Structures are given as C-alpha cells and as structure tokens.
Amino acid sequence: MDRETSWQHIEQQRRAIADLLADLTPEQWEAPSLCAGWRIREVAAHLALTPEPPSPSVLVRTGLRVRGDYNRLIDELTRAHADRPPWELVTRLRVNAASRTLPKLTNYSNILFDTIVHGQDIALPLGRTIAVPPEAAAAGATRAAKVGRPVWNRHRLDGIRLCAIDIEWAYGTGREIYGPILALLLLVTGRTALLDQVTGPGVVRLTRQLA
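Residues numbered from 1 in each chain as written. Predicted model: local features only at pLDDT ≥ 70, side-chain atom pairs only at ≥ 80, totals over all residues. Heavy atoms only, no water.

Draft legend 1. Layout of the overall build of the protein. For the protein, the helix and strand inventory stands at ten helices and three strands. Written out in order from the N terminus, the α and β elements of the protein read α-α-α-α-α-α-α-α-β-β-β-α-α. Taking 211 residues into account, the globule formula puts the C-alpha radius of gyration at 17 Å, and the protein, at 17 Å, falls close to it. By its C-alpha atoms, the protein is 45 × 40 × 35 Å across when sized along the principal axes. Buried positions account for 45% of the 211 residues belonging to the protein. Considering only contacts within the protein whose residues lie at least 6 apart along the sequence, 64% involve residues at least 24 apart. Per element, the accessible surface of the protein, about 10,500 Å² overall, is 52% carbon and sulfur. Positive and negative side-chain charges of the protein, numbering 26 and 22 respectively, have mean locations separated by a distance of 7 Å. (Helix = DSSP H or I, 4+ residues; strand = E, 2+ residues; numbered from the N terminus. Rg over C-alpha atoms; globule rule 2.2 N^0.38 Å. Buried < 20%, exposed > 50% of the residue type's maximum accessible area, 1.4 Å probe, protein only. Contact = heavy atoms within 4.5 Å. Areas by Shrake-Rupley, 256 points an atom, 1.4 Å probe, with all protein chains shown as cover. Lys, Arg positive; Asp, Glu negative; His and termini not counted. Charge placed at Lys NZ, Arg CZ, Asp CG, Glu CD.)

Draft legend 2. Structural detail: the domain arrangement of the protein. Along its sequence, the protein is carved into domain 1 (3-126) and domain 2 (134-210). Domain 1 puts 16 residues into the contact, and the matching count from domain 2 is 18 residues. Together, the buried faces of domain 1 and domain 2 total about 1,300 Å²; carbon and sulfur atoms form 75% of this surface. When the area that domain 1 buries against domain 2 is broken down by residue, the three leading residues are Phe-113, Ile-116 and Val-117, summing to 36%. There are one salt bridge connecting domain 1 and domain 2. Note that Asp-121 and Arg-191 form a salt bridge whose closest N and O atoms lie 2.7 Å from each other. Counting only elements with at least two residues in the side of domain 1 that touches domain 2, the list comes to helix H5 (70-81) and helix H7 (108-123). A per-class count over the side of domain 1 that touches domain 2 returns eight nonpolar, seven polar and one charged. (Domains from an automatic or database assignment. Buried area = accessible area lost by both parts, 1.4 Å probe. Salt bridge = Lys/Arg side-chain N within 4 Å of Asp/Glu carboxyl O. Nonpolar A, V, L, I, M, F, W, Y, C, P; charged D, E, K, R; others polar.)

Below, the structure written as structure tokens:
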C-alpha cells in the first residue's frame, strides 16, 4: 500500500476511534484494554500523542530515566499523557486526524498498523466495533510481521504461515493458520481476542510462541 493511501486509512481510523471514545462512560474509560497493562484511557492517550510527539528534551530525559528501554519509554510517555480529561483526548484525536507528523524512529507503515490495532484494543473489550478495510489490515499485518526487537521477539512467527480468507494475503512458511485478515493482524501483534475466528494446524504453535 502506498504512502498516500496509508495516510488516508490512518485518518479514517483516527476519526472512527474518536467517535467511539466520545460515546464512552467514565467507567468505560477506566476499563482494561487489549493492550497489556493499559486501560482504554492509556490507549486513547497513546493515539492522541502520536501526531503530537514530545519535545526532544522530554524524550531524552525520559529515555535516560528508563535506561533506553523502548517499551518503557512509550509506556511512561503514554501514562503521563493519559492524565488529560477524556474530552481533551478525543478533541486532540479529531483535530489531528489528518496530521502526517511522525514521531522519531518510526514511519507511516508503523503508524498504520499501530492505529488499527489500538483501535481494536479499545473496541473489542467493550463489545464495540471499528470497521477496518481488509486492504488496510493486510498492509498493517505485512509490516507488523516484520517488526522485531525492541518491540517484539522476531522469532514469534517462526514456522507459521498466515493465510487470510477475506483478501488475497499470506505471510510466512510452515503450519497454516486461516482467518480474517483483521484476526491475523491481531495475532501478529500478540492479541488473541479474535482467536475463535482462526483455524489451522498452526494455531497451537503460534499461541505458544506468543506466550
């Protein structure tokens, strides 16, 4: 998927996420998301923070405090941002929906799958839906599957072939897993919330590797 189309999908997802968040109760904002250790509030803050990255000085100070640990860096920046009122997080998401500002050390392909997956992190535990075009999920899955450390173990998909049933897409070699591309994208990023939608001899192996 080219850059322009990717940014269009990112904007659409941001607007859909903002619409969903605007309808939540205070209790739902505090509910656990699919993203381990984060409430709905933290996921929303992370998404709102992406087009408004912290200043270099904040990044340096935080990076030194967490001793260069990338995941801890993201977690600390997000938790600090999550103190904002819900209405402000929704507003920032809407205002910046079309923004193409990129935080340091990332690219639009990463932002695409990050936005799609975090939208599902919010929607699924609440029994809500955010539609994702299969072509966008496929582009996100292709990129996410190639991301290794410091984000994920680069061997987590070893011996697995993922095959979408709703779009022409496949990745990897080994034992097959078949399912909708969105379910496969979530598996690639370590989420098993749609595990009931996938089948195949590779399911047990992949869930073991993800664990």
